[in-house]
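# Structure assessment
As a plain string of letters, each chain reads:
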Amino acid sequence: MFALPLTEEVELRPLDPWRAEEFLANLDRAREHIQPWVSPAFVATDLPSARAVLQRYADRWARDAGGIWGLWWRGTLVGGVMFVSFDTTLGVCEVGCWVEPAAQGRGMVAPAVRRIVDWAVRERGIQRVEWRTNATNARSIALARRLGLRHDGTLRQVYPGPQGRIDIEVWSVLADEWLAGLPSTVH
């Protein structure tokens, strides 16, 4: 019902808790692929935990503190984008994404991220958009570059991981940079 076409085959839609079954099926297809890169709390393993993840984002949306949208490719949920955090008082948000292997490299994630970032900057007055990623996640870093974000620095050994502590790269774009660098057709 509330869908934003990104291409002829891809739609961006709200990912509400009632879509937990679709979300869990997507995570099941993506699990091995995304597990090294996303928070363990995000990678639901059953229907109640999938519903809980989506409810947390619905609660964030209600508090104006985050949000999550799915990417439907040819009618199937294959990934999504989110505001991991969203603070209009500070004017700062963090964006993130995930996608299952079958949808990788199809050019759907960057337009979806552009849409939510553009909305945050233009409509909500966000001044700084952050992208935080595991320093070994080459695809995520390449996406940050394609989106025009700048590398702010690396937070060393932030989280424990299976191979030792994980470094996190922080990338960002400021509102004036975003508005100057985007074609006017985005909004």
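Notes on the structure in this doc start here. (Residues numbered from 1 in each chain as written. Predicted model: local features only at pLDDT ≥ 70, side-chain atom pairs only at ≥ 80, totals over all residues. Heavy atoms only, no water.)

Moving on: the overall build of the chain. Check the secondary structure of the chain and you find five helices and eight strands. Reading the chain from its N terminus to its C terminus gives the helix and strand order β-β-α-α-β-β-β-α-β-α-β-β-α. For the chain, the C-alpha radius of gyration of 16 Å lies close to 16 Å, the compact-globule estimate for 187 residues. Its C-alpha atoms give the chain principal-axis dimensions of roughly 45 × 40 × 35 Å. Every one of the 187 residues in the chain was classed for burial, and the buried ones make up 44%. The contacts in the chain between residues at least 6 apart in sequence include a share of 58% that link residues at least 24 apart. Once the 22 positive and 22 negative side-chain charges of the chain are each reduced to a mean point, those two points are 3 Å apart. (Helix = DSSP H or I, 4+ residues; strand = E, 2+ residues; numbered from the N terminus. Rg over C-alpha atoms; globule rule 2.2 N^0.38 Å. Buried < 20%, exposed > 50% of the residue type's maximum accessible area, 1.4 Å probe, protein only. Contact = heavy atoms within 4.5 Å. Lys, Arg positive; Asp, Glu negative; His and termini not counted. Charge placed at Lys NZ, Arg CZ, Asp CG, Glu CD.)

Further remarks concern the pairing of strand 7 (residues 150-161). Here strand 7 runs beside strand 8 (residues 164-174); their pairing, made up of eight bridges, is antiparallel. Within strand 8, the residue paired with His 151 across the bridge is Trp 171. (Pairing = 2+ DSSP bridges.)

Let's shift gears to the packing of aromatic side chains. Within this structure, the stated rule accounts for seven aromatic pairs. With 5.3 Å between their ring centres and 90° between their planes, Trp 61 and Trp 69 make a pair best called edge-to-face. The class of Trp 61 is partly exposed, set by a relative accessible area of 44%. (Phe/Tyr/Trp six-rings, centres within 6.5 Å; stacked < 30°, edge-to-face > 60°.)

These figures come from the coordinates and say nothing about function on their own.
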